[in-house]
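# Tertiary structure, described
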Amino acid sequence: MNTKPMQKLASQLLFFIGFSLMILGSILFMASLSGVAKVATIPAAIFLLIGVLFALFAFKLVHRLQYMFLAAFFIQLGLFLLLIILKTIPYPFSKVWPAISIFAGTALLPAARFRSNPSIARFVVPAIAFIVLGIILLVFSLDIVTFSFKRFILTSWPLLLLFAGVFLLLLSMYPGRNEKDDNQ
């Protein structure tokens with residue numbers, strides 16, 4: 001029986017458990033310093049631990065970009081919830097929920113870098129779309145602008161057509177893989 005793979009798995013399991021205990025201890029320590037009930041930090045700790053588990057899968061075990069995306073997303077979400085719970089972010093979750101869209105977009109970027117083939121544009125375009133959508137919704141959710149989102153859509157929908165047209169023009173000017181090979 002080969003003990004080398006078993007030792008590697010045990011080492012990776014110890015890494016995950018050790019890192020998880022560090023995260024949990026840090027969260028509980030910060031909660032006790034700020035006077036927040038330790039139970040309130042449980043959702044943030046769970047999201048952070050899920051993110052660490054996916055990072056372990058992405059880096060040590062499977063090397064799949066889906067796990068990299070999920071790791072980045074859950075770690076960002078866990079840290080975000082922790083900052084809300086500790087009152088570092090002075091808004092309730094009901095006001096800053098559009099940040100989740102921003103996290104989805106920013107989580108796609110490391111997943112794109114993690115991919116070995118050159119089709120990174122497949123990830124960057126949706127990432128930018130998620131980030132822009134999140135920023136727009138966050139601006140309206142935090143009442144930074146004085147008019148409603150509905151009024152914005154009803155009066156500015158031609159801008160959406162304009163941006164879609166510019167995007168499609170730029171996309172058509174970027175040669176695909178097969179066109180590059182045909183020109184050479």
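Presented here is an overview of the structure given in this document. What you see is a predicted model; the values in this text were computed from it and never measured. (Residues numbered from 1 in each chain as written. Predicted model: local features only at pLDDT ≥ 70, side-chain atom pairs only at ≥ 80, totals over all residues. Heavy atoms only, no water.)

Right, let's get into the pattern of salt bridges. Counting across every chain of the model gives one salt bridge. Across the salt bridge formed by lysine 95 and aspartate 143, the nearest N and O atoms sit 3.0 Å from each other. Note that lysine 95 is positioned in helix H4 (residues 93-96) and aspartate 143 in the loop between helix H6 (121-141) and helix H7 (149-173), a separation of 48 residues in sequence. (Salt bridge = Lys/Arg side-chain N within 4 Å of Asp/Glu carboxyl O. Helix = DSSP H or I, 4+ residues; strand = E, 2+ residues; numbered from the N terminus.)

Now for helix H1 (residues 4-34). With 31 residues, H1 extends 45 Å between its outermost C-alpha atoms, agreeing within 8% with the 45 Å of an ideal straight helix rising 1.5 Å per residue. The inward-facing, buried residues of H1 abut helix H2 (42-61) and helix H3 (65-85). Looking one or two residues past H1, glycine 35 carries a phi angle of roughly 80 degrees, positive in sign. (Expected span 1.5 Å × (residues − 1). Contact = heavy atoms within 4.5 Å.)

Before going further, it helps to spend a moment on the nonpolar core. If you look at the biggest cluster of nonpolar residues, it comprises 31 residues, and the most contacted ones within it are Ile27, Phe73, Phe80 and Phe103. Going through the elements one at a time, H1, H2, H3 and helix H5 (99-114) are the ones with two or more residues in this core. Among the elements that take part in this core, H3 stands out by supplying ten residues, more than any other. Excluding its chain neighbours within four sequence positions, the residues that come into contact with phenylalanine 80 are Ile89, Phe93, Val96, Ala99 and Phe103. (Core = buried A, V, L, I, M, F, W, Y, C linked by side-chain atoms within 4.5 Å. Buried < 20%, exposed > 50% of the residue type's maximum accessible area, 1.4 Å probe, protein only.)

A contiguous nonpolar surface patch, about 720 Å² in accessible area, is contributed by Ile128, Val132, Ile136, Phe149, Ile153, Trp157, Leu160 and Leu161. For the nonpolar patch, the secondary-structure elements that each account for two or more residues are H6 and H7. Per element, the largest residue contribution to the nonpolar patch is five residues, and it comes from H7. Within the fold, leucine 161 resides in helix H7. (Patch = residues over 30% accessible without salt bridge, like charges linked within 9 Å, V, L, I, M, F, W, Y side chains within 5 Å. Areas by Shrake-Rupley, 256 points an atom, 1.4 Å probe, with all protein chains shown as cover.)

This part is about the layout of surface pockets. It is a probe the size of a water molecule, rolled over the atoms, that shows where empty space is left. By volume, the largest pocket amounts to about 490 Å³. Around the largest pocket, the lining comprises 17 residues; the ones closest to its centre are Ala129, Val132, Ile136, Leu160 and Phe163. Every element with two or more residues in the lining of the largest pocket is listed here: H6 and H7. Broken down by element, the residue count for the lining of the largest pocket peaks at eleven residues, all from H7. (1 Å grid on protein atoms, 1.4 Å probe; cavity = no way out; pocket = protein on both sides within 12 Å on 5 of 7 lines; lining within 4 Å. Points joined across faces, edges and corners; volume = space filled by probe spheres on them.)

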